Structure formats: structure tokens, C-alpha cells
Amino acid sequence: MIDAVLLHPNDGCLTVARELTRRGVRVHALATPEYAHVTRSRGVRGEVMPDIREHPRAWLDALAGVDDGVLICGSDAASEWVVRHRARIPARLRSFEAPGGAHLDLMDKRTTYRIAAEAGVRAPWMHHVADRADLDDLLGELTYPCILKPTLGHVAKELVGVGTVHIASRADALAHAVPLLDLGVPILFTELVPGPETLLEGAVMVRDHDGGYPLSYGRRKLRQWPMDYGVGSLTEAVPVPETVALTRRLLDHTGYVGLAACETKRHAGTGELYLIEVNVRVPGNFGLAQACGVEGPWRLYATLAGLPVGPQRPQVDGRKVLLPVKDAQAVIARVRRGETTYGRAARSLRGTRDFGAFAARDPLPALHQLASTLLKARGRVGRPAAAPVAVDVRAPLSPPLVRTACSPGGGRPS
């Protein structure tokens, strides 16, 4: 079997690594410092890398040591990088991402909403803001509350530390929009679909080159972190036929090929389903694809590697995946807001089959993650914030000529 290379892996990719190594696949992980614990997984050959946007040449060099394999992306930044650099990545390394594909269109929230309108999919109203002049023109007609979303959320998080933000007033709009616009990051103001996070549904699918769906399962969020607009820290497998149909309509309309995680939300008042976003990489709670019995990691790998897969087993509803570090923060915050109790939060864990980095047979990732979390928390105290650097995210990526030394984190893939 050919190798699997995890680019920018998250905790969902850790489940992929564990399942593929169990099946005899050699797994490489090129990780960011935040997810360096993935490189500690048993059987994984890992390296901690510099920033993928600033040092793309380092990532290209790291791939040179892989003879034959598939590329599996765990972040938007990695998916974007593969699309931009596909011509320079050896052809022996297969990827879903390719120039002319739909990955970048669905990654950009502005084009996602435009595609949704073309496909007849209900989405929140949207106003695109490219610069301060657009903002000045819009402020007089903007209604509150609403949501601010950078068109490329991963870029905004790198620059200012946050992506999607709840906007309650004109002052909020200015406070959050101006810094992003001054950094060259276009934004959207969108409708706030009312209701708690438990009304957020999701369909995770792999669409192949023939338009088939070798992987498909449904989920809902029970908790998420960061609060209100984050990764599902406790997620449950549930039937979501309307979200599945909506997702297929979007993917078929664009001719998308690859792994996609579509999130929708039911309006608390009307029950209508709205598209929220589409993630075109491994979701952080992809462990649910193994926990609910649909063998997501293997079906993802096999589809990309060109191996046959039989019919998918039905998902086992009610099973859950927990991301312990994120969920601990979510629970503490909700208890402080009076939304739950520690007892209710503990009872909600029944049915959990996957615990993110925590696995009895593979303990090193969890130990490394806990140590890193404690060190990071200690380092935040009294540390001044770094000033953001202006960048035009609409400009094409331009790789530097000199590779920057990588952080320690294991041996080079070979």
C-alpha cells in the first residue's frame, strides 16, 4: 500500500493516522506546533514545520522524501497550499485538491454563498465588504445582531486570532471589521440564524471522480469551542437527511471531488435549514467517522489511493466523539454562563467512543497535548500581544527561495 501524508493535521487526522497504521499503511505527519502531538502517535513519522503560507518551500522539500503516497489535508491553509502548488508537488503524491477544482471556491465564504444561491440552497443574507469604503456604505443599512465572517477564516485567525464573530451593534462592527480590512482581509456580514449550538447539523462526505459517495455520515454538535462559533468539542452521530441532500446538491453543482464537511443550522423559530459553511478538509472531530462504524479514515484513504471500497455500513446513531481539551474549556464557560452544570455535562458524555488525542493504546499524543496546553496557558500570563502584520490575502502566494529551519519534532519523512 502507498503512504499517507497528513498535512497540517488536526485531532481528526490523528484518528486517520491511528486507523491507517493499524491497517499497515505508513503514515507521515507534517504538523504545525499547535498540533505537534500528532507526530507523537505510534508508528507515525513526523516533523513540526514552519508556517505554510510564509515558508511553502520547506513543505515542498519535506514531501521530496515520500516515494509514493496520498496527501490528506487537516486545515484550510494546507488545502489552499496544495491547490496553489500542485504543479510543484510530485505527481506520485495524489491529492483531491487541484487547480480548477472547487476547493478554493468552497473555502471562500463569499463564493460559497454565491454557489448556494445558484444551486437553490437556502443561506443567510450576506453583505460583502472589501475595504473601508464598502464598510462606510454598509453601516447605515446593517441590522443587528448579525455575524461577521472573514471570507477566508483561517487567514483571519492567523492574523488577529479570531474568525467568526457575533456583532451586536455598530460599535462592534467597527471594532472587528476595521482591523481585518486594514490587514487586507475581506469580510462578510451575514444573517444570524437564531438558536443554540445543538441546532447545528453536519454532513461529512467523500465525493469521488465519478460523482459517487463512498463516505457519508451525519452529525450534530452538542458543544463547541470556541464558544458559539468553534469546532465541535462533543459531537454525536445522528440522521440528517435534509443536510445530506443539501450537501450533495452543492457538491454535485460544483463537481467537487474530495472530503467535505458541510454545516447547517435549523432556524429556532421556523425550523428552516440554512447553509452555514463547507469545510474542505478533515474535520477536527473526524473520529466520529470511526466511532459510528462507517470506517471514515479507511474509506477516505482508499478513495484517494484508488483502492476499491464496498458499500458503506449504516452509521450507528448516538455514538459520540469528544475533544477533551476543547470540551473542558467549553464546559467551564457554559457553567459560568449558567447554561449547564458539571453533572449534566458529565452525563452528556455517555456514548462517547472516540476521545481525540486520548487513547489507551497510543498515550503519547495526549501527554504531549496536555503538556503543550499547560505551557501555553502559563506563557499567556503577562505576555504582550504581537502586532499583526499587514498582508493582502488576495495576492498569489509567492514561495521564498530559502528554507527556514524547522522546529524539532521527530525525524524527516522517508
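The structure contained in this document is the topic of the report that follows. These figures come from a predicted structure and were not determined experimentally.

### Digging into the overall build of the protein
Counting its secondary structure elements, the protein contains 14 helices and 16 strands. Projected onto the principal axes, the alpha-carbon positions of the protein cover approximately 60 × 50 × 50 Å. Among the 414 residues that make up the protein, the fraction classed as buried is 54%. Here the analysis covers contacts within the protein between residues at least 6 apart in sequence; of these, 68% occur between residues at least 24 apart. Only carbon and sulfur atoms are counted for the fraction: they give 54% of the accessible area of the protein, which is about 17800 Å².

### Section: the sheet that holds strand 9 (residues 187-191)
With antiparallel pairing, the 4 strands of this open sheet are ordered in space as 6-9-7-8. Strands with a single pairing partner mark the edges of an open sheet, and in this sheet they are strand 6 (126-129) and strand 8 (165-167). Each strand axis lies, on average, 25° off the axis of its neighbour in the sheet, ignoring direction. Examined bridge by bridge, strand 6 and strand 9 share 4 bridges and lie antiparallel to one another. Looking across to strand 9, one finds that Met126 is bridged to Thr190.

### A look at the sheet that holds strand 3 (residues 44-48)
Sheet architecture is open: 5 strands sit in the order 3-2-1-4-5, paired in parallel fashion. Strand pairing shows two members of the sheet lacking a second neighbour, strand 3 and strand 5 (93-94), which therefore form its edges. Pairing of strand 1 (residues 3-7) with strand 2 (residues 27-31) involves 4 bridges; the strand directions are parallel. Directly across from Leu7, in strand 2, lies its bridge partner Leu30. Lying over the sheet, helix 11 (residues 296-305) contacts strand 1, strand 4 (69-73) and strand 5, oriented at roughly 130° with respect to strand 4.

### Here we look at the layout of surface pockets
Computed from the structure, the second largest pocket encloses a volume of approximately 600 Å³. Only helix 1 (11-22), helix 10 (288-291) and strand 16 (352-354) provide two or more residues apiece to the lining of the second largest pocket. At 5 residues, helix 1 tops the list of elements feeding residues into the lining of the second largest pocket. Here the residues of the lining of the second largest pocket are counted per class, giving 5 nonpolar, 7 polar and 8 charged.

What counts, and at which threshold
- Residues numbered from 1 in each chain as written.
- Predicted model: local features only at pLDDT ≥ 70, side-chain atom pairs only at ≥ 80, totals over all residues.
- Heavy atoms only, no water.
- Helix = DSSP H or I, 4+ residues; strand = E, 2+ residues; numbered from the N terminus.
- Buried < 20%, exposed > 50% of the residue type's maximum accessible area, 1.4 Å probe, protein only.
- Contact = heavy atoms within 4.5 Å.
- Areas by Shrake-Rupley, 256 points an atom, 1.4 Å probe, with all protein chains shown as cover.
- Pairing = 2+ DSSP bridges.
- Axes fitted to C-alpha atoms, helices over the stretch in contact; angles between N-to-C directions.
- 1 Å grid on protein atoms, 1.4 Å probe; cavity = no way out; pocket = protein on both sides within 12 Å on 5 of 7 lines; lining within 4 Å.
- Points joined across faces, edges and corners; volume = space filled by probe spheres on them.
- Nonpolar A, V, L, I, M, F, W, Y, C, P; charged D, E, K, R; others polar.

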